[in-house]
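Observations on the three-dimensional arrangement
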Amino acid sequence: MRYLVTGGAGFIGSNTVDELVRRGHSVVVLDDLSSGKEDNLAEIRNKITFMKGSITDIEVVRKAMHEAEFVLHLAARTSVPRSVKDPIETNRINIDGTLNVLVAARDAKVKRVVFAASSSAYGETPTLPKVETMPPAPISPYGVTKFVGELYAQTFGRCYGLENVSLRYFNIFGPRQDPGSPYSGVLAKFCMCFLEETQPVMFGDGEQSRDFTFVENAVQANLLACEAPNVSGKTFNVGTGGRFTLNQTVELLAKISGKKLEPKYEPPRDGDIRDSQADITQARAYLGYDPPVSFEEGLARTFDWYRSSQTKPEEKPKE
Ligand code: UD2
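Just so you know, these numbers come straight off a predicted model, no measurement behind them.

1. Focus on the site of the ligand
The ligand sits among 23 residues. The nearest are Val 186, Val 201, Phe 203, Arg 210 and Asp 272. The separation between a nitrogen atom of the ligand and a polar main-chain atom of Val 201 is 2.7 Å. With the chains in place, 92% of the 750 Å² that the ligand exposes on its own is no longer accessible. Broken down by secondary-structure element, the contributors of at least two residues to the shell around the ligand are helix H6 (186–196) and strand S8 (201–203). For the shell around the ligand, the element with the most residues is S8, which contributes three residues. Each of domain 1 (2–172 + 213–238) and domain 2 (178–210 + 242–276 + 294–312) gives at least three residues to the shell around the ligand.

Here's what the structure looks like:
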């Protein structure tokens, strides 16, 4: 099968591309390298077609779409606080860019588009866990753009018969998540704090909770969403079904690393949700999704990955 992965040089994208290649599929990656890195594709670079370009340019998207059967649309401007700071840029990439991908997919007659949606669509609805039937109520520009992407995908199903599935990712973390930006995911940052022995900063009291989901689980969901029958037009939660507070993640990292660090508490961030936890019943039933990696195991593997990628090959101790 031939896949186009937008954002395929990024964190979730490159992990997905690895698995597609492992399964023998033909893969085109479209990525503007604004947050993705060609390095993420180093091991499989000669097995894929890489195109540097942005989803905001429809002609580039059309070219990348040539002969694609499935499109995994993962390219996005992530981060809630970045969207609060610059909503126009987040809108341009996440909404205009998604519309370009859908138009090009319609015209190229692809079999299905899988859209990377977000748990941020649920917003501050108090009920936990979040079920797909709850009315979305995003509280950040980022959450709005991700929800609009779902609506556009569904509308393309209705108006043009384009098959589509939206996956609401719940705080995906793991190897290759960039720890170095102010907008990086919290666990990438916390892992680096424990490696470098710097103080983790908590925005708020650290009692906010997330259904932190290891990236291998998201990769499994991505592939199933392309293949599963009778799911077009549906949205699925992709999480683990549990939740951990930030304070708990720091306790776990202390155990994993053998170091104790006192967090620094700062005021909460604008647009932040308090608690988030997925009900994954629908994804299990329709996609056969069964998250293979628990939070604790995923965190230990992630910490190991940052530790080993921090040590450059020439610095690595001799065996
Ligand atoms: C949102 C989505 C997530 C994904 C992501 C993409 C929710 C519930 N989740 O993640 O599914 O789409 O956006 O960017 O909307 N924090 C600290 N210290 C730090 C960094 C973060 O305390 O150094 C806090 C932050 O204030 C928040 C929590 O950690 O309460 C998680 O933040 P994040 O940026 O990792 O992810 P989040 O939940 O905004």
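Okay, back to it.
2. Thoughts on the domain arrangement of the protein
Split into domains, the protein comes out as domain 1 (2–172 + 213–238) and domain 2 (178–210 + 242–276 + 294–312). Each of domain 1 and domain 2 has a C-alpha centre, and the two are 25 Å apart. On the domain 2 side, the residues contacting the 18 residues of domain 1 number 14 residues. A buried area of about 1,500 Å², summed over both sides, lies between domain 1 and domain 2, and 60% of it is on carbon and sulfur atoms. Applying the counting criterion to the domain 1 and domain 2 interface returns one salt bridge. Ionic pairing is found between Glu 216 and Arg 301, a salt bridge with its closest N-O pair at 2.2 Å. On inspection of domain 1 and its partner domain 2, the count reaches one residue pair in polar contact (both at pLDDT 80 or more).

About the thresholds
- Residues numbered from 1 in each chain as written.
- Predicted model: local features only at pLDDT ≥ 70, side-chain atom pairs only at ≥ 80, totals over all residues.
- Heavy atoms only, no water.
- Near = heavy atom within 4 Å.
- Polar contact = N/O pair within 3.5 Å; in protein donor to acceptor, adjacent residues only side chain to side chain.
- Areas by Shrake-Rupley, 256 points an atom, 1.4 Å probe, with all protein chains shown as cover.
- Helix = DSSP H or I, 4+ residues; strand = E, 2+ residues; numbered from the N terminus.
- Domains from an automatic or database assignment.
- Contact = heavy atoms within 4.5 Å.
- Buried area = accessible area lost by both parts, 1.4 Å probe.
- Salt bridge = Lys/Arg side-chain N within 4 Å of Asp/Glu carboxyl O.

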